[in-house]
Amino acid sequence: MLIDGRSPVANNIATMSLEMDNLSFAAFGYTRRKLSAKKGEDIALLDEANTLPSGLVRLIELQEYGFAYVKP
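Attention here is on the structure that accompanies the text. Numbers given to residues run from 1 along each chain, matching the order in which its sequence is written. Selection of residues for local features in this predicted model requires a pLDDT of at least 70, selection of side-chain atom pairs for listing and counting requires 80 or more, and totals for whole chains, interfaces and linings are taken over all residues. Values shown for side chains rest on all heavy atoms present in the structure; no hydrogens or waters enter the calculation.

Okay, the overall build of the protein chain next. Helix and strand content of the protein chain: 3 helices and 2 strands. Helix and strand labels come from DSSP, where a helix needs a run of H or I of at least four residues and a strand needs a run of E of at least two; each type is numbered from the N terminus. For the protein chain, the N- to C-terminal ordering of α and β elements is α-β-α-β-α. Oriented by its inertia axes, the alpha-carbon framework of the protein chain measures out at about 40 × 30 × 20 Å. Remark: exposure states derive from per-residue accessible area (1.4 Å probe, protein chains only) relative to the maximum for the residue type, with buried under 20%, exposed over 50%, and partly exposed in between. Counting over 72 residues, the protein chain shows a buried share of 17%.

Written out as structure tokens, the structure reads:
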């Protein structure tokens, strides 16, 4: 969803980023490295996306702040 040139929701992400100051989009470093290695080049992300070192660590941090993780 956050890969530049391939995201079907790129316009929505850009709009939401402009409208909501407290909204952020994050790609997880491990996943990005694996995708980049598989493709043989760095995966470019949308300008609105940041890369976090570890998704699991971030999820744990958010749960400590009272957020809930819901898996569909």
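Further remarks concern the pairing of strand β1 (residues 25-28). What you see with β1 is a clean split: F25 and A27 sit on the buried side and A26 and F28 on the side with no burial. With 4 bridges connecting them, β1 and strand β2 (residues 49-52) associate as parallel partners. Looking at β2, one finds that F28 is bridged to L52. Handedness of a crossover is defined as follows: orient the strands so they point away from the viewer, and if the path from the first strand over the helix to the second runs clockwise, the crossover is right-handed. With helix α2 (residues 29-39) bridging β1 and its parallel neighbour β2, the resulting β-α-β unit is right-handed. Pairing between two strands is assigned when DSSP locates at least 2 bridges connecting them.

This part takes up the layout of surface pockets. Space inside and on the surface of the protein is sampled on a 1 Å grid over the protein atoms alone, with a cavity defined as a set of points where a 1.4 Å probe fits but cannot get out and a pocket as an open set with protein on both sides within 12 Å along at least 5 of 7 lines; lining residues have an atom within 4 Å of a point. Grid points are joined across faces, edges and corners, and a volume is the space filled by probe spheres set on the points. Here the largest pocket defines a volume of roughly 290 Å³. Lining the largest pocket we find A26, F28, L52, R58, L59, L62, Q63, F67, A68, Y69 and V70. Of all the secondary-structure elements, those providing two or more residues to the lining of the largest pocket are β1 and α3 (55-64). With 4 residues, α3 is the single largest residue contributor to the lining of the largest pocket. Throughout this entry, Asp, Glu, Lys and Arg are counted as charged residues, while Ala, Val, Leu, Ile, Met, Phe, Trp, Tyr, Cys and Pro are counted as nonpolar. The remaining residues, Gly among them, count as polar. Within the lining of the largest pocket, the residues separate by chemical class into 9 nonpolar, 1 polar and 1 charged.

This part takes up the nonpolar core. Working definition of a nonpolar core: buried Ala, Val, Leu, Ile, Met, Phe, Trp, Tyr and Cys residues. They are joined through side-chain atoms within 4.5 Å. Listed in full, the 8 residues of the largest apolar core are L2, I13, F25, A27, I43, L45, L46 and A49. If we ignore the near neighbours within four places in the chain, the residues touching A49 are L2 and F25. We call two residues contacting when some pair of their heavy atoms lies within 4.5 Å.

With that out of the way, let us pick up the side chain of S7. In this structure, S7 sits in the segment before α1 (10-19). Two N or O atoms count as a polar contact when they lie within 3.5 Å, although within protein this holds only if one can serve as hydrogen donor and the other as acceptor, and sequence-adjacent residues are included solely when both atoms are side-chain atoms. Within the structure, the side chain of S7 is placed 3.2 Å from the backbone nitrogen of V9, a separation counted as a polar contact. At 3.3 Å, the side chain of S7 and the backbone nitrogen of A10 are in polar contact. When sequence neighbours within four positions are dropped, the list of residues in contact with S7 reads M1, I13 and L46.

Before going further, it helps to examine the environment of V9. For V9, the position within the fold is in the segment before α1. The sequence separation of V9 and E41 amounts to 32 residues, and the corresponding C-alpha distance is 23 Å.

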